[in-house]
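Residue-level listing of the chains:
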Amino acid sequence: MEEIEVLIDEEEIGLKVREMAKVIAREHKDEKEIYFVTVLEGARRFSDDLVKEIMGLGGFKVKNYLVKAGSYGDGSESSGKIEVKKGLVEDVCGKELIIVEDIVDTGLTLCFLKEYLLKEKKARSVKICSFLDKPSRRKTDVNVDYVGYEVPDKFVVGYGLDYGGRYRELPYVGVIKG
Ligand code: IMP
Ligand code: MG
């Protein structure tokens, strides 16, 4: 098994998620409900923690829709081709959505999903909340509304992020050494 160098430890992750939850809650305090769209599989863990924190603040109703999209196969290089692998079955027409993503790399996935939710699913608006951001690799000008941490141009794993199905369960974000 490869050695992993810790980039963001468990405690830092917890604090950051709490901080992000507070910002989102503050900006949506006048809304009856907050609608998240979590991008499977990678963002599931972040989204669970984020929703838990927001619920803990009290006074919010939250819906967390799940969507599966991706450009990645089993490795670490994007094929560049995005597809919705499991679409939304729920009606989100006219709703203000927040996409929850694990990491924005080229931005192709989020660009594609934003279009899908706006054009095909007729959402009123779509914001983006990503735990990690790798701006050095961006190929689109997609705007990320809420970001946890910027990471360098390295393949990161843990806290939901995988490398060929491995390392998702790590409680920290790290880089595979070597
Ligand atoms: P994008 O379309 O290039 O922005 O890619 C986004 C998706 O690629 C993310 O949702 C991740 O699933 C995956 N990805 C990009 N960079 C990494 C990484 O460093 N580690 C793990 N997954 C990554
Ligand atoms: Mg992802």
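Look up a bit, the structure's there.
Conventions used here
- Residues numbered from 1 in each chain as written.
- Chains lettered and ligands numbered in written order.
- Predicted model: local features only at pLDDT ≥ 70, side-chain atom pairs only at ≥ 80, totals over all residues.
- Heavy atoms only, no water.
- Patch = residues over 30% accessible without salt bridge, like charges linked within 9 Å, V, L, I, M, F, W, Y side chains within 5 Å.
- Areas by Shrake-Rupley, 256 points an atom, 1.4 Å probe, with all protein chains shown as cover.
- Salt bridge = Lys/Arg side-chain N within 4 Å of Asp/Glu carboxyl O.
- Lys, Arg positive; Asp, Glu negative; His and termini not counted.
- Charge placed at Lys NZ, Arg CZ, Asp CG, Glu CD.
- Helix = DSSP H or I, 4+ residues; strand = E, 2+ residues; numbered from the N terminus.
- Donors = N, O, S within 2.8 Å, 3.2 Å for Na, K, Ca; no water.
- Buried < 20%, exposed > 50% of the residue type's maximum accessible area, 1.4 Å probe, protein only.
- Near = heavy atom within 4 Å.
- Polar contact = N/O pair within 3.5 Å; in protein donor to acceptor, adjacent residues only side chain to side chain.

Draft legend 1. Expanded view of a negative patch on the surface. Taken together, Asp-9, Glu-10, Glu-11 and Glu-12 make up a surface patch of like negative charges. As for its placement among the helices and strands, Asp-9 is situated in the loop between strand E1 (4-8) and helix H1 (10-27).

Draft legend 2. Focus on the coordination of the magnesium ion (ligand 2). The coordination sphere of the magnesium ion (ligand 2) contains the protein donors Glu-101 (OE) and Asp-102 (OD), at a distance range of 2.6 to 2.8 Å. Accessibility classification places Glu-101 together with Asp-102 in one group, the buried group.

Draft legend 3. Highlighting the site of ligand 1. Near ligand 1 there are 17 residues, and of these Glu-101, Thr-106, Gly-107, Thr-109 and Val-156 occur at the shortest range. Within the backbone of Gly-107, one N or O atom sits 2.8 Å away from an oxygen atom of ligand 1. Val-156 places a polar main-chain atom, nitrogen or oxygen, 2.6 Å from a nitrogen atom of ligand 1. For ligand 1, whose accessible area on its own is 490 Å², the fraction buried by protein is 92%. Within the residue set of the shell around ligand 1, elements represented by two or more residues are strand E3 (61-72), strand E5 (96-104) and helix H3 (108-120).

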